[in-house]
Each structure stands twice: as C-alpha cells, then as structure tokens.
Amino acid sequence: MGKAQLIRMLQIIAAVVIVVLAVGLYRAKSDASRTQAHVRELQGEIEEREAALRELRAEIAERESPANVEKLAQDRLGVAPGSASATLPESEIARRLPAPERSREPRT
Amino acid sequence: MRPFNVTGAFQPQRAYSPATAGEAAPARNRVRLLAIGVFLVLLLLAGRAVQLAFSGDPLAEPRAPNGASVLPRGDIVDRNGVLLATTVRAYALTATPARVWDAPAIADQLRRVFPDLDRAATIRRLGDTSRRLVYLRRGLTPEQRTRVHELGLAGIGFETEHHRDYPQGTLAAHALGFTDVDQNALSGVERGLDADIRAAGAEGRAVRLSIDVRMQYALEEELSAAARAAGATGGAAILLDGRTGETLALASWPAFNPNEAGAAPSNARRDRVAGDLHELGSTIKPFTVAMALQEQVTRSGELFDLTTPYVIDNSTIIDHERVEGMSTLGDILAHSSNVGAARLAVRLGGARQRSYLDRLGLTAPASLELGRNQAPLAPQARTRRDVAGLGFGYGLAATPAALAGAYTVFTNSGARVTPTLRAAGPDAAVERASVFSPEVTRQVLLYMRQVVTDGTGRAADVPGLLVAGKTGTAEKLDGAAGYDDSRNFSSFAGVFPANDPRYVIVLALDDTGEGAAGGAVAAPAVARTLRRIAPMLGLRVEARSPAR
C-alpha cells in the first residue's frame, strides 16, 4: 500500500470516526435531554410531595396543639387539663370515650 | 473529473511537473489545516465529555444536603421537636390586565370567594394595562385557588409562592413573631434568629427553640386568666431553666394569632416580656439584701426598727403596712418593707449598688433572641434618695426578661446566666458570671422562702414544691402628676424548688387597680401555673395543702 493510499485510508477512517462521533453526540445529547426532563419531572414530583408533606405536618401540629387537645378532652371526656379530673384512671377514660362503631357483618 | 472536454474528445492528463507541484502545496496545507481543525474539535468534544463525566449536572436545581428542596425559611420547633412554624405552599392571585375585558364583572366574581376584597382597588388594578401582570391577593390556600379556578375567569392566573404558617395558632405567638408575605422577618424569634432560620431553610433542617409547648400553654392560660380577673391592660410571664438560661415558656397578654398578624391590634402584637419597661418594685429587694450581706454592711442576725418612717433628703419613705417590733432581714423581705430596704441601700452606697445592678444585667437590654430587647431606663443615682429608691425598686425600669435573668443568681449559687431561647445540648457549656457568694445566696433564699410561707407571697405557695420568691407592687407613673397609687404593676418573681433551686418564674400584670398587689393577683397565678407545670418538670406537687 502506497503512502497516498495510506493517507486516503486514514482520511476515510477519520471521516467515519467524525460521523460516528457526531451521531453519537447527537444521540447522547438527546438521551441527556430526555433524562434531564425526566429528572426535572421527578424533582417536581418530589417537591410536590414535600410540599404536601409539610402541609400535613402543619395540620398534625395544629391538631395536636394543646389548645385542640384540651378542647377534645373537654368535649369528649369532660375533663380539663390541670383539674383534679385530669387524674382519671385509664379504665375510666376508656369508659367515657364514645363507643366504637360496630363493624358491619359481611352479607352472605 | 473525467478527462474529456465539452466536445467529448479525449484529452490527455497533464504530466507532473514542478509547476503543478507548486500549485498542489497550498492544497496540502489546507488539508493539514482542516485535519488540525478536526483534531481540535475532537479534542474539545473529548474534554467536554470528561468534564460532564466528572462534574455534577450544572443544570440541576439547588437542593439541601439531605435531599429536601431549598426553602426561604426553615421550620421552627420546640425543645421536643413540636412544630411551631413552617413554610408551606401558597398561591398568589394574579391578573394580566391586557386579557381582562370586563374588570367590574371579574371583581364581583372574585368577591364571591374573597368577600373582603376591595372592589374599587381590584377594578383599578385589573384595568392597569401599563403593567403586564398585577397581584390581586397573596397567600391563597389550595382550596381558595381551586374555587377561583372553577370560576374560569379570563386573564386571571396564579403564581406559586411560599407562605409562613404557625400551626399552634396563638401559642407562643410573641416568642415566634411573624413575617410579611415575602418571608421577611418582622418580629420575635423570626427576626432575632433570621439568619439562622434562612440558613436552616437552605440546609433543610429546623431551628430548635428551648420552649416547651406544654409549659407555654399552661403559662399562657394562667396569665390570661389572671390578667382578665385583675382587669389588667397587659401581662407578661417567663419561665427559665435557671441553670442553663434556657427559656421554657415566654408569654405576653393579650395574645394574637401570627397567621393573621395584620388583623391584630398593635397592643396585642407587642411582646411585653423583653419589650416593655417597668419600674420593678419590690421584686428587686432580695438583691438589695444580698448586696448588703455581700458587702458586710449588715449581718444575718441584725435587728431593725421599722416602726418609724425613714426620712432622707427631705423625703419620707414609709411602708404600706407598718412592721411592728424589731425586724430581721427575713422580715424586711417577708413584709416587703420599703424602710428596711432603703436603709440597707443607703448603707451600701450608690457606686457599689450600681456595680451589682450592672452585674445582675438590670442596666442592659436582655439578650433573648427576639426582634427587640428594650434597653432599660437606668440613670445613675445622684442623691441618697435615689439610692434608697433603687433599694426598693424605683428609679430603674427594666423588662421582666431582665428580671428573670437576674433571678438566676439564686439557681446558680450566686452566679448569673444569660437567658436564651435556643435549645442547649445536654453537654453545652454555660457561661456563669459570679455576683454573690454561695453563702449569701443561700441566706437570701431562706428569706425568699419566708416570703412565701409567712409573708406577702403566701398565695404563691404550692405544697410539696417549695417555692421561694418575692412579690412586687410598683405604682405607675402618671406623667407630671407623679405616681398613681390606683394603677399598679403587680408581679411575682421566684425560684423553685427552694431546697435545690433550678427554675425561675416571673409573672407580671400591668395596670392593675388599687389594692391589686403582686401578692394578691400575680402570686396566685404563679401557684396555679406551677401546679400545672411541675409534673412536666418531674417535680412532685402535693394534691392538697397540709393542715397548718
């Protein structure tokens, strides 16, 4: 193989490599943008759930706040924190709680 | 190119000659340049590939180290992790004026969801076509957003934003403070720890306070009940762990809801624990006695004749109720004798008195991490009369927070610790500044216990808890008219349990009426509070008062 042919061959190989790289780069970029979009979507979903979680935590804190617990204790148990009635035995508390709803029997 | 001319005749190829070689040289150079160019491009691509492989995604959203999304402000929790303040998602109601055709109709529709929406202002904003986007309302809840969305109004939209939420409502409102709609801190811890709360939001962590919501609730409830019963215009109370300086509860009355801070009157939004100044009255007397003992201008066995008024610089100092017979230092505190305290103060002298007041922290603002710590009014005593007045709590206006800080000397064998709202770790170092000797502190503690068992503070006694303290009833200044004995600042400051004092409590009611002394209105509220709080602190309280 002559020198000119060798150069020609190298040029062809280089051209093929460039084309392959160009195609590869295009594919890599399109894959990356797809992945990026997916990641953004997931991040958005995470943020959405985090926001919902924060709202739920705030709601739990509100429901467990001493003022709310005291109101529930007064409404449902008839006791006020700090009063002598707050020292009710456990059995008494269970007795004062509203009766649990009966589960329906499955129809046969 | 094929070797044919346009006519199709064969044309022989030109033979190689040095001339043609000379023409080919630039072409080869161009090929080389092209090759170099291609090589450089490939090198660039390879470099970028390596950079992308070894670096993170430069387009990724900023996230906290623990994976949580970055928030403008972090959560605030109490010492047990109970949520006090958080940042939740909210919506801003916006409008694009260019797309609004019938502003009055849209305003009317919106008022069905927001009845308090200003119709005229809304119409004006909707018609402001010079602006691309206008805000109509901020901080909408998801439910409000859904209701507006269902109206299907053209030109009306929403923007997602953050909203500060205080799930405990009015609880600890003055301690927490609040922010504006843009999350800028305006008061309370929100302002005092603003930088830390913002950093916590960026890092996805919470800021932990020393407050305990259970104790906070008990203190607020009892303060509110006492203030209403006494017809006071305001109230303040603070409970400290006197060993570490941690604030377990901090209450001001009247209360407000920080979720609707804008709707609350400024009187209710005012923090009275670190923000309001009052002449402290007799709650300062234990310090006068301690100063006198420390400087050896008296001794524990000395007897005083308090039956006659004390005349000094043409002023006469009298006691509200004459103390009969010869009195001990304990009697001076138990009967809250102005005459006795004034005599001790004058013996001590202005310079030494001032030095102790400085070291007790009563001449400097309290250092609670709040938006505002009011500086005291503490002019230098110029006359013996001023010194005598300071001895029983007049001529120095300080905050209840500063007074509570000073009372920590009785929980640290004579050393003062600085009150804080930050939760301290179990091994955290506590800075203590020595003011009195342990012997003097122990002696004064016995006298303060006598105040509760046999003196003006009997209503603060909680059987089984061993409360020691001092009542205070300071007449309020009424401008140029001088002191008004029908308007009082009534208080109780104390420590417990007296056999191993650890906790400090100060409760004060502002503008109580004539005869509403600290022992009559503040001391009972302290007892009620301690009965509720003691079990939370692991302290035993007897159910009923033992027969005397």
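Being a predicted model, the structure only gives us computed values, none of them experimental. (Residues numbered from 1 in each chain as written. Chains lettered and ligands numbered in written order. Predicted model: local features only at pLDDT ≥ 70, side-chain atom pairs only at ≥ 80, totals over all residues.)

Asks: Got a minute to help me understand the overall build of chain B in this structure?
Replies: Helix and strand content of chain B: 17 helices and 18 strands. Over its C-alpha trace chain B gives a radius of gyration of 37 Å, far above what one expects of a compact globule, namely 24 Å for 548 residues. With the C-alpha coordinates of chain B rotated into their principal frame, the extents come out at 150 × 65 × 50 Å. Summarising the internal contacts of chain B: among those between residues at least 6 apart in sequence, 70% fall at separations of at least 24. (Helix = DSSP H or I, 4+ residues; strand = E, 2+ residues; numbered from the N terminus. Rg over C-alpha atoms; globule rule 2.2 N^0.38 Å. Contact = placed C-beta atoms within 7 Å.)

Asks: Mind showing me how you'd approach the packing of helix H8 (residues 213–230) of chain B against helix H17 (residues 518–533) of chain B here?
Replies: The axes of two packed helices give the description: the angle between them and the distance between them. Residue and element names in this part refer to chain B. Relative orientation of the contacting elements H8 and H17 amounts to 155°, with a least axis distance of 9 Å. In terms of orientation, H8 lies roughly antiparallel with respect to H17. Crossing of H8 against H17: the hand is right-handed. Together, Met215, Ala218, Leu219, Glu222, Leu223, Ala226 and Ala230 of H8 and Val521, Ala522, Ala525, Arg528, Thr529, Arg532 and Ile533 of H17 make up the contact between the two elements. The residue inventory of the contact of H8 with H17, partitioned by class, reads 10 nonpolar, one polar and three charged. (Axes fitted to C-alpha atoms, helices over the stretch in contact; angles between N-to-C directions. Parallel < 35°, antiparallel > 145°, perpendicular 65-115°, else oblique. Left-handed = near helix turned anticlockwise from the far one by under 90°. Nonpolar A, V, L, I, M, F, W, Y, C, P; charged D, E, K, R; others polar.)

Asks: I tried to follow the interface of chain A and chain B on my own but got confused; where do I start?
Replies: How big an interface is tends to be reported as the loss of accessible area on association of its parts. Counting from both sides, the interface comprises 19 residues of chain A and, opposite them, 24 residues of chain B. Looking at the side of chain A that touches chain B, the elements that each hand over two or more residues are helix H1 (3–63) and helix H2 (66–77) of chain A. The element contributing the most residues to the side of chain A that touches chain B is H1 of chain A, with 15 residues. Its residues placed into classes, the side of chain A that touches chain B shows nine nonpolar, four polar and six charged.

Asks: Got a minute to help me understand the domain arrangement of chain B in this structure?
Replies: Residues and elements named next belong to chain B. Domain parsing of chain B yields domain 1 (75–204) and domain 2 (217–537). Just the C-alpha atoms count here: the centres of domain 1 and domain 2 sit 42 Å apart. On the side of domain 2, 16 residues touch domain 1, which itself brings 18 residues to the contact. When contributions to the side of domain 1 that touches domain 2 are tallied by element, the ones reaching two or more residues are helix H5 (173–176) and helix H6 (188–192). (Domains from an automatic or database assignment.)

Asks: Mind showing me how you'd approach the confidence of the model for chain A here?
Replies: Interpretation of the predicted coordinates at a detailed level should be avoided for regions scoring low in pLDDT. When pLDDT is averaged across chain A, the result is 80; 73% of the residues are at 70 or more. No element of chain A has a lower mean pLDDT than helix H3 (residues 90–96) of chain A, which averages 62, and none a higher one than H1 of chain A, which averages 90. (pLDDT = per-residue confidence, 0-100.)

Asks: Any chance you could explain the pairing of strand E7 (residues 246–253) of chain B here in plain terms?
Replies: Here is the key point about a regular strand: its side chains alternate between the two faces of the sheet. All names here are of chain B. Burial within E7 is extensive, with eight of its eight residues counted as buried. As paired strands, strand E6 (residues 234–241) and E7 are joined by seven bridges and run antiparallel to one another. In the sheet register, Gly235 faces E7, and the bridge partner there is Trp253. (Buried ≥ 20, exposed ≤ 12 C-beta atoms within 10 Å, placed from the backbone. Pairing = 2+ DSSP bridges.)

Asks: I would appreciate a short explanation of H1 of chain A in the present structure.
Replies: Given 3.6 residues to a turn, an α-helix orients residues that are three or four positions apart in the same direction. In a regular helix each residue adds 1.5 Å, so 61 residues correspond to 90 Å; H1 of chain A covers 87 Å between its end C-alpha atoms and thus fits that length. Taken as a whole, H1 of chain A has its buried residues at Arg54, Ala58 and Ala61 of chain A. Check the buried side of H1 of chain A and you find it contacts strand E2 (83–95) and strand E4 (156–165) of chain B. (Expected span 1.5 Å × (residues − 1).)

Asks: Honestly, the pairing of strand E17 (residues 483–496) of chain B in this entry has me stumped. Any pointers?
Replies: Residues and elements named next belong to chain B. As judged from the 10 bridges shared by strand E16 (residues 468–477) and E17, these two strands associate in the antiparallel manner. When the bridges of E17 are listed, Leu477 appears paired with Tyr483. Of the pairings in the sheet, the one linking E17 to strand E18 (residues 503–512) comprises nine bridges and is antiparallel in character. Along E18, the bridge assignment pairs Ala493 with Val506. A loop of six residues connects E17 with E18, the two strands running antiparallel in sequence.

Asks: Would you mind going over the sheet that holds E17 of chain B with me for this structure?
Replies: Sheet strands associate in pairs through backbone hydrogen bonding, adopting either a parallel or an antiparallel arrangement. Residues and elements named next belong to chain B. Pairing in this open sheet of five strands is antiparallel, and the strands run E7-E6-E18-E17-E16 from one edge to the other. Looking at which strands have only one partner, the edges of the open sheet turn out to be E7 and E16. For this sheet the average axis-to-axis angle between neighbouring strands, irrespective of direction, equals 10°.

Asks: Whenever I open this one, the nonpolar core confuses me. Can you help?
Replies: One recurring pattern in soluble globular proteins: nonpolar side chains tend to sit buried together. Residue and element names in this part refer to chain B. Residues Leu84, Val289, Tyr407, Val506, Leu507, Ala522 and Val526 are the most contacted members of the largest nonpolar core, which totals 144 residues. Inspection of this core shows a minimum of three residues originating in each of domain 1 (75–204) and domain 2 (217–537). If sequence neighbours within four positions are ignored, Val289 has contacts with Leu329, Ile332, Leu333, Leu344, Val444 and Tyr447. (Core = buried A, V, L, I, M, F, W, Y, C linked by C-beta atoms within 7 Å.)

Asks: Can you walk me through unusual backbone geometry in this structure?
Replies: Only a minority of non-glycine residues have a phi that is not negative, and only a minority of peptide bonds are not trans. Residue and element names in this part refer to chain B. Of note, the amide linkage connecting Trp253 to Pro254 takes the cis form, showing an omega dihedral of 5°. Along the polypeptide, Pro254 turns up in the loop between E7 and helix H9 (266–269). Between Phe496 and Pro497 the backbone carries a cis peptide bond, its omega angle lying at -15°. Following the sequence through the fold, Pro497 ends up in the loop between E17 and E18. For Gln183, which is not glycine, the phi dihedral falls at a positive 70°.

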